[in-house]
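Listed here are the chains, written in short residue letters.
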Amino acid sequence: MSAVIMDGKLLSSKIREGVKARAAALKEKGIIPCLAVVLVGEDPASLSYVKSKEKALGEAGMESRDIRLPQTTTEEQLLSIIADLNNDDKVHGILVQSPVPKHINEEKITAAIIPQKDVDCFHPVSVGNMVLEKPGFLPCTPNGVLMLLREYNVPVNGRHVVIAGRSNIVGKPLANLLIRKEYNATVTLCHTGTKDLAYHTLQADILISAVGKQNLIKPDMVKEGAVVIDVGINRTADSSAAKGYRVCGDVDPVVKDKASFFTPVPGGVGPMTIAMLLQNVIEAGENCFKERN
């Protein structure tokens, strides 16, 4: 068996074209969707993520408010900046790049962003709206996974989905979304307390790994014909690579020989995360227009 490769680059480019058209329509109505991207410190990975987000915003015809702050920025200073952005009518979304320096309470920062501009869906109200199926933004990476499943017509109703990883960014929200009636999956959420991971992964019709551990999922942990979604992003040193490292996922690439569908790393879920962020920003801009009219 050779798996169908779920191409996140291709799907994300289609979504981004749609966002670009919506942004152009909003511009004609006098609104330019704007995301304020706040970066505290100079973490290399964070700098790279921020640059890719800003590039994607520009390509979609949206604005990026680039706010770079020194490592020594205090919690009070950051909260003051967020308060100003909350009150700025020209800013529709706010994103504070994680992680923030250790002297800043990340939960306080997350809670300071008003839900109407919380395009990452991290605010407690945003999370509550998602769980209760109320209107609001959906978290970017989990929604990207769902879009890939939909694009490739992967049946989810009644199937057993096993998720490895219970982070607030991927595992928990994805489990909550998959148990909605529109997806109707039976979900098992595995974590560091799970005694026998392979026992559970072997039962998965759809296996999703979001742990951040290279080659965690081996071929003998996957049943024949399973759908395998790799959300893991791991950097491994590689002197032959231009950047001195290469990116790989949680799943041993050999697994694609057993799977029916498989997401590569890079090029699978990663591009979908940014596409879903852009979709949330354009939605925030459209919501702003509706409120004004």
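Each remark here, short or long, concerns the structure printed above.
Okay, so let's go over this structure. Owing to the predicted nature of the structure, the values given are computational and were not obtained by experimental measurement.

Some words on empty space enclosed by the protein
Next up, step 1: All told, the structure shown has one cavity of 30 Å³ or more when counted by the stated rule.
Next up, step 2: In this structure, the largest cavity is lined by Val 96, Gln 97, Ser 98, Val 100, Glu 106, Ile 109, Thr 110, Ile 113, Asp 118, Asp 120 and Phe 122.
Next up, step 3: The biggest single contributor to the lining of the largest cavity is helix α4 (residues 106-112), with three residues.
Next up, step 4: Taken together, the residues of the lining of the largest cavity break down into five nonpolar, three polar and three charged.

Describing the packing of helix α1 (residues 8-28) against helix α9 (residues 269-292)
Next up, step 1: Contact pair α1 / α9: the axes reach a minimum separation of 9 Å and the direction vectors enclose 15°. In terms of axis orientation, α1 runs roughly parallel to α9. Handedness of the α1/α9 crossing: left-handed. Of the residues in α9, those touching α1 at Gly 8, Lys 9, Leu 11, Ser 12, Ile 15, Arg 16, Val 19, Arg 22, Ala 23 and Leu 26 are Pro 271, Met 272, Ile 274, Ala 275, Met 276, Leu 278, Gln 279, Ile 282, Glu 283, Gly 285, Glu 286 and Phe 289.
Next up, step 2: Taken together, the residues of the contact of α1 with α9 break down into 13 nonpolar, four polar and five charged.

A few points about α1
Next up, step 1: With 21 residues, α1 extends 30 Å between its outermost C-alpha atoms, agreeing within 8% with the 30 Å of an ideal straight helix rising 1.5 Å per residue.
Next up, step 2: Three or more residues of α1 are buried, namely Gly 8, Leu 11, Ser 12, Ile 15, Val 19, Ala 23 and Leu 26. Projected onto a plane normal to the axis of α1, the buried residues spread over an arc of 115° and lie on a single side. More than 90 degrees from the buried face of α1, the exposed residues found are Leu 10, Glu 17 and Glu 28.
Next up, step 3: In the core, the buried residues of α1 are packed alongside α6 (140-151) and α9.
Next up, step 4: The opening residue of α1 is Asp 7, an N-cap whose side-chain oxygen sits 3.0 Å from the backbone nitrogen of Lys 9.

Cut-offs applied
- Residues numbered from 1 in each chain as written.
- Predicted model: local features only at pLDDT ≥ 70, side-chain atom pairs only at ≥ 80, totals over all residues.
- Heavy atoms only, no water.
- 1 Å grid on protein atoms, 1.4 Å probe; cavity = no way out; pocket = protein on both sides within 12 Å on 5 of 7 lines; lining within 4 Å.
- Points joined across faces, edges and corners; volume = space filled by probe spheres on them.
- Helix = DSSP H or I, 4+ residues; strand = E, 2+ residues; numbered from the N terminus.
- Nonpolar A, V, L, I, M, F, W, Y, C, P; charged D, E, K, R; others polar.
- Axes fitted to C-alpha atoms, helices over the stretch in contact; angles between N-to-C directions.
- Parallel < 35°, antiparallel > 145°, perpendicular 65-115°, else oblique.
- Left-handed = near helix turned anticlockwise from the far one by under 90°.
- Contact = heavy atoms within 4.5 Å.
- Expected span 1.5 Å × (residues − 1).
- Buried < 20%, exposed > 50% of the residue type's maximum accessible area, 1.4 Å probe, protein only.
- Arc of directions from axis to C-beta.
- Polar contact = N/O pair within 3.5 Å; in protein donor to acceptor, adjacent residues only side chain to side chain.

Don't take any of this as a statement about function, it's just geometry.
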